[in-house]
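Residues per chain are reported as follows:
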Amino acid sequence: MESTNVIRILKANNISYILHEYDNNLTNGQEIAAFLHVDESVVFKTLVTVCPNNQHFVFVIPVLATLDLKKAAKVANVKSLAMVKQKDLFFLTGYIHGGCSPIGMKKQFVTFIDETALLFDNIFVSAGKIGKNIEINPLELASFIKASFKDVIEGI
């Protein structure tokens, strides 16, 4: 089982997690949840945004949800936000699209986790590589990455 930077960081800091591996060809959150035999609402994706002054913010939201950029800008206390271009993601974070984790980015950005994560004992986030997710307690995750819980997804 190949280690990732995320796993090395969690081990070094004695943070408990469970590693789950899945087929690299699965990139859709619904497919990943089905493969892992978990409800889609516990699988989260990591999104990186940028505001006009080039400040970056990270949002961890359920895979089936859409980031509400107005709510996100409000919680980040900026005028507006846009998604980082996919081609810029690796340079900024050290992660590629589909394998972006809120843990171990090149730089620690201000991070928000959607408040729905608080409904669960554990959530799933990328382990920093396509085909690998970690299951982790959302409170431990937030404490470790200095994130706060906010309502940042579009209403259903």
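Thresholds, definitions, all that
Residues numbered from 1 in each chain as written. Predicted model: local features only at pLDDT ≥ 70, side-chain atom pairs only at ≥ 80, totals over all residues. Heavy atoms only, no water. Helix = DSSP H or I, 4+ residues; strand = E, 2+ residues; numbered from the N terminus. Rg over C-alpha atoms; globule rule 2.2 N^0.38 Å. Buried < 20%, exposed > 50% of the residue type's maximum accessible area, 1.4 Å probe, protein only. Contact = heavy atoms within 4.5 Å. Pairing = 2+ DSSP bridges. Axes fitted to C-alpha atoms, helices over the stretch in contact; angles between N-to-C directions. Phe/Tyr/Trp six-rings, centres within 6.5 Å; stacked < 30°, edge-to-face > 60°. Lys NZ or Arg CZ within 6 Å of the ring centre and 35° of its normal.

A. Structural context of the overall build of the chain. Across its full length, the chain holds five helices and eight strands. What you see in the chain, going N to C, is helices and strands ordered as α-β-α-β-β-α-β-α-β-β-β-α-β. The C-alpha radius of gyration of the chain comes to 14 Å, within 12% of the 15 Å expected for a compact globule of 156 residues. Expressed as a percentage of its 156 residues, the buried residues of the chain come to 47%. Partitioning the intrachain contacts of the chain with sequence separation of at least 6 by distance along the chain shows that 60% fall at a separation of at least 24.

B. Spotlight on the sheet that holds strand β4 (residues 82-83). Across the sheet, which stays open at both edges, the five strands sit in the order β4-β2-β3-β5-β8 with mixed pairing between neighbours. Taken across any chain shown, the strands that pair with only one partner, and hence form the sheet edges, are β4 and β8 (148-150). Of the strand pairs in this sheet, strand β3 (residues 56-62) and strand β5 (residues 110-114) are connected by four bridges, and their pairing is parallel. Pairing of F59 across the sheet is with F112, part of β5.

C. Here's a closer look at the sheet that holds strand β7 (residues 132-136). The three strands lie next to each other as β1-β7-β6, forming an open sheet whose pairing is antiparallel. The strands lining the two open edges of the sheet, one partner per strand, are β1 (18-21) and β6 (123-129). If you compare each strand with its neighbour and ignore which way they point, the axes differ by 35° on average. Relative to β7, β1 runs antiparallel, the two sharing four bridges. If you follow H20 over to β7, its bridge partner there is N133. Set on the sheet, helix α1 (residues 5-12) makes contact with β1, β6 and β7; between it and β7 the angle comes to about 30°.

D. Quick peek at the side chain of H20. Its location among the elements puts H20 in strand β1. Setting aside residues up to four positions removed in sequence, H20 forms contacts with L36, F124, G131, K132, N133 and E135.

E. Inspection of the packing of aromatic side chains at higher detail. Tallied over the full model, the rule gives one aromatic pair. Ring geometry for F59 versus F112: centroids 5.4 Å apart, planes at 20°, classification stacked. Of this pair, F59 sits in strand β3 while F112 sits in strand β5, and the two are 53 residues apart along the sequence. Overall, the relative accessible area of 6% leaves F112 in the buried class. Against the face of F90 rests K106, its NZ or CZ located 5.3 Å from the ring centre.

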